[in-house]
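Single-letter residue listing:
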Amino acid sequence: MGEHILVLDAGTTSTRAMTFAPDGTVEAVAQKDLTQHYPKPGWVEHDAAEIWDKTLACAREVVGGDAGRIAAIGITNQRETVVAWDRASGEPLTRAIVWQDRRTAEFCAGMKEYGHEAEVQKRTGLLLDPYFSGTKMRWLLDHDEGVRAAAAQGTLAFGTVESWLVFKLSGGAHLSDASNASRTLLLALDGAQFDEDMCELFGVPRATLPEVVDTHGRLAECDADLLGAAIPICGLAGDQQSATIGQGCLAFGETKATYGTGAFVLTNKGRDIPHSDHRLLGTVLYQENGTRTYAIEGACFVAGSLVQYLRDQLGLIGNAAETEELARSIEDSGEVVIVPALAGLGAPHWLPDARGVISGLSFASGRAQIARAALEAMAHQTHDLASAFDADGAPWSRLRIDGGMSANDWMAQDLADILDLPVERPDFIETTALGAAILAAVGCGMHDTLESAARAMRGKASVFEPDMGIEVREARLARYAKALAAV
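Presented here is an overview of the structure given in this document. (Residues numbered from 1 in each chain as written. Predicted model: local features only at pLDDT ≥ 70, side-chain atom pairs only at ≥ 80, totals over all residues. Heavy atoms only, no water.)

**Description of the sheet that holds strand E21 (residues 461-464)**
With mixed pairing, seven strands are arranged side by side in an open sheet as E15-E16-E14-E13-E19-E20-E21. The open sheet terminates on both sides in strands that have one partner only, identified here as strand E15 (281-288) and E21. Adjacent strand axes in the sheet meet at a mean angle of 30° when their direction is disregarded. The sheet contact formed by strand E14 (residues 263-270) and strand E16 (residues 291-300) spans seven bridges and is antiparallel. Opposite Gly 270, over in E16, you have Tyr 294 as the bridge partner. (Pairing = 2+ DSSP bridges. Helix = DSSP H or I, 4+ residues; strand = E, 2+ residues; numbered from the N terminus. Axes fitted to C-alpha atoms, helices over the stretch in contact; angles between N-to-C directions.)

**Focus: the packing of aromatic side chains**
On inspection of all chains with the given rule, the structure shows twelve aromatic pairs. Note on Tyr 131 and Phe 301: the rings are 5.0 Å apart at their centroids and 65° apart in plane angle, and the pair reads as edge-to-face. Within this pair, whereas Tyr 131 is found in the loop between helix H3 (117-124) and helix H4 (133-143), its partner Phe 301 is found in the loop between E16 and helix H11 (304-312), the two being separated by 170 residues in sequence. Phe 301 matches Tyr 131 in its accessibility class, with the two residues each being buried. (Phe/Tyr/Trp six-rings, centres within 6.5 Å; stacked < 30°, edge-to-face > 60°. Buried < 20%, exposed > 50% of the residue type's maximum accessible area, 1.4 Å probe, protein only.)

**Regarding the sheet that holds strand E11 (residues 216-221)**
Read across the open sheet, the six strands follow the order E3-E2-E1-E5-E12-E11; overall the sheet is mixed. On the outer flanks of this sheet lie strand E3 (26-33) and E11, each paired with one strand and no other. Direction aside, neighbouring strands of the sheet carry axes that sit 25° apart on average. Across seven bridges, the pairing between strand E2 (residues 14-20) and E3 is antiparallel. From the neighbouring strand, Thr 15 faces E3, where its bridge partner is Lys 32.

**Looking at H4**
Among the eleven residues that make up H4, eight are buried, leaving the element largely enclosed by the rest of the structure. Along H4, the positions that sit buried rather than exposed are Ser 133, Gly 134, Thr 135, Lys 136, Met 137, Trp 139, Leu 140 and Leu 141. Along its buried surface, H4 packs onto strand E6 (83-86), strand E7 (96-97), helix H2 (105-113), helix H5 (145-153), strand E8 (156-159) and helix H8 (196-202). (Contact = heavy atoms within 4.5 Å.)

**Some details on the side chain of Asn 268**
Structurally, Asn 268 can be placed in strand E14. Taking the relative accessible area as the measure of exposure, Asn 268 reaches 1% and is therefore buried. A polar side-chain atom of Asn 268 sits 3.0 Å from the main-chain carbonyl oxygen of Cys 249. Engagement of the side chain of Asn 268 in a polar contact is seen with the backbone nitrogen of Gly 270, the distance being 2.8 Å. (Polar contact = N/O pair within 3.5 Å; in protein donor to acceptor, adjacent residues only side chain to side chain.)

**Remarks on the nonpolar core**
Counting 91 residues, the largest nonpolar core has Tyr 131, Phe 158, Leu 186, Phe 202, Tyr 259 and Trp 396 as the members making the most contacts within it. In terms of residue count, the dominant contributor to this core is helix H13 (residues 367-391) (13 residues). Once residues lying within four places of it in the same chain are set aside, the contact partners of Phe 202 are Phe 107, Met 111, Val 120, Leu 128, Thr 135, Arg 138, Leu 185 and Leu 186. In this structure, Cys 58, Val 83, Ala 96 and Val 166 belong to the second largest nonpolar core, which totals 39 residues. (Core = buried A, V, L, I, M, F, W, Y, C linked by side-chain atoms within 4.5 Å.)

**Section: the packing of H13 against helix H14 (residues 409-419)**
Relative to each other, H13 and H14 sit at 40°, their axes nearing to 9 Å. When the interaxial angle is binned, H13 and H14 end up oblique. At the point where H13 passes H14, the crossing takes the right-handed sense. Touching Arg 372, Leu 375, Glu 376, Met 378, Ala 379, Thr 382, His 383 and Ala 386 of H13 are Trp 410, Met 411, Asp 414, Leu 415, Ile 418 and Leu 419, all from H14. Looking at the contact of H13 with H14 residue by residue, the classes come out as nine nonpolar, two polar and three charged. (Parallel < 35°, antiparallel > 145°, perpendicular 65-115°, else oblique. Left-handed = near helix turned anticlockwise from the far one by under 90°. Nonpolar A, V, L, I, M, F, W, Y, C, P; charged D, E, K, R; others polar.)

**Section: the pairing of strand E12 (residues 232-238)**
Across the seven residues of E12, seven count as buried, placing the element largely inside the fold. Pairing geometry for E11 and E12, over three bridges, is antiparallel. Each bridged residue has a counterpart across the sheet, and for Glu 221 the counterpart in E12 is Pro 232.

**Focus on the layout of surface pockets**
Put simply, the largest pocket is a space of about 1,100 Å³. Taken together, 43 residues form the lining of the largest pocket, with Thr 13, Tyr 259, Gly 260, Thr 261 and Gly 404 sitting closest to its centre. For the lining of the largest pocket, the secondary-structure elements that each account for two or more residues are E2, E3, helix H10 (239-246), strand E13 (255-259), H11, helix H12 (322-328) and helix H15 (431-443). Per element, the largest residue contribution to the lining of the largest pocket is five residues, and it comes from H11. Broken down by class, the residue content of the lining of the largest pocket amounts to twelve nonpolar, 21 polar and ten charged. The calculated volume of the second largest pocket comes to roughly 640 Å³. Tyr 38, Val 44, Gln 100, Tyr 309 and Leu 342 are the residues nearest the centre of the second largest pocket, which is lined by 22 residues in total. A breakdown of the residues in the lining of the second largest pocket according to their chemical character gives nine nonpolar, nine polar and four charged. (1 Å grid on protein atoms, 1.4 Å probe; cavity = no way out; pocket = protein on both sides within 12 Å on 5 of 7 lines; lining within 4 Å. Points joined across faces, edges and corners; volume = space filled by probe spheres on them.)

**So, the state of the cysteines**
All told, the structure shown has zero disulfides when counted by the stated rule. Not engaged in a disulfide, the cysteine Cys 199 finds its nearest cysteine sulfur in Cys 108; these two sulfurs lie 16 Å apart. No disulfide involves Cys 249; its sulfur sits 17 Å from that of Cys 300, the nearest cysteine. (Disulfide = S-S within 2.5 Å.)

So, in structure tokens, the structure goes:
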């Protein structure tokens, strides 16, 4: 058997393949950008065929002609994004609806008015929001003729991105791991398979959905013709659960925050099904031999995408790294505050129709003030989440951070200052991919347990200690609260 793990990391803005050694060392990386489609305000779509083609191309690039050295494949993915395909042809029926898409806001509002949210949250751990997969599936059935026709013929397959990739890799296996399935609104947290009552409530035929499986183990097998060998697929997890595992948050209460396109905080809640009274989410962290470990989660929809917006839409910066230079060039933001609700507000507010605000502008406000305010917005949003987690009995004693934005030292220190907590950042910040490698390594028997794999594969970390006066912190938070109230 080979000694390397092949990880396929299908994100929101790009997809990539990486090979990991048993000690967690990355040996090869290939990455390709994904096309973002915005057909209407609030709509976000991907081409599922492009996701597959580019993911396969990346995998072939890092594997080269030596598939024999690959022991297993681990897959991690943008969550909640829905792919609809035809089981007979194996081809997508329409564009994938991305997790950021808000087109089902009216449908969700109607479900709330009918009083369904309390039961939905109790059963699934989720709230009625366009973010989640089930309402996207319903929209496709209501509005896409090709999807409706496939449903009538019994050939329609729905799945999240990992499910789509497994189908293509294996030549037809229709699977979803429990962590991704728990993001659909269609899985009860205590149910082994998709819930008939939830499927009926959302109008999604149970027959269109995949089988729910563990996050690690021998789950499927890659067709030998694709990469040169029949490689077992041994790890599957949504990106945020994967990052939590990659951060080694395997004990009750351990917490991580990933700052990528959005910002996502997860706290390990052990075997107890989580319940939130402060509009946080209950989710499956991982599933082993049918037994689940859960997490409580808070999600902010806009993080790195705000910096991308400053670069691509406003032209204020040439690259993301400039934000740190600009933030350090001034003493404060000059009272400029950004509430980055460009795709609505997520936890703990859940306002899908909210829109972004820049407040406190004056003639003294320039590029530096706006760039610094954008970075400060990460700490402000995270502080909102920390307050909600604390109120739900899940206080943080330390925050482990990762994702592309976490490489920004100024932002990491600002998080520690505003949260008044130590912030720990691993030297290897691509913990989403590392988590998938850990899962696959355990799934194929390379390591015995997730804990032993994490010990062997995680590297060193830096710690940022809080260093801000209480008056400065409270003034910052008061300005943010005022701007948030305007939203």
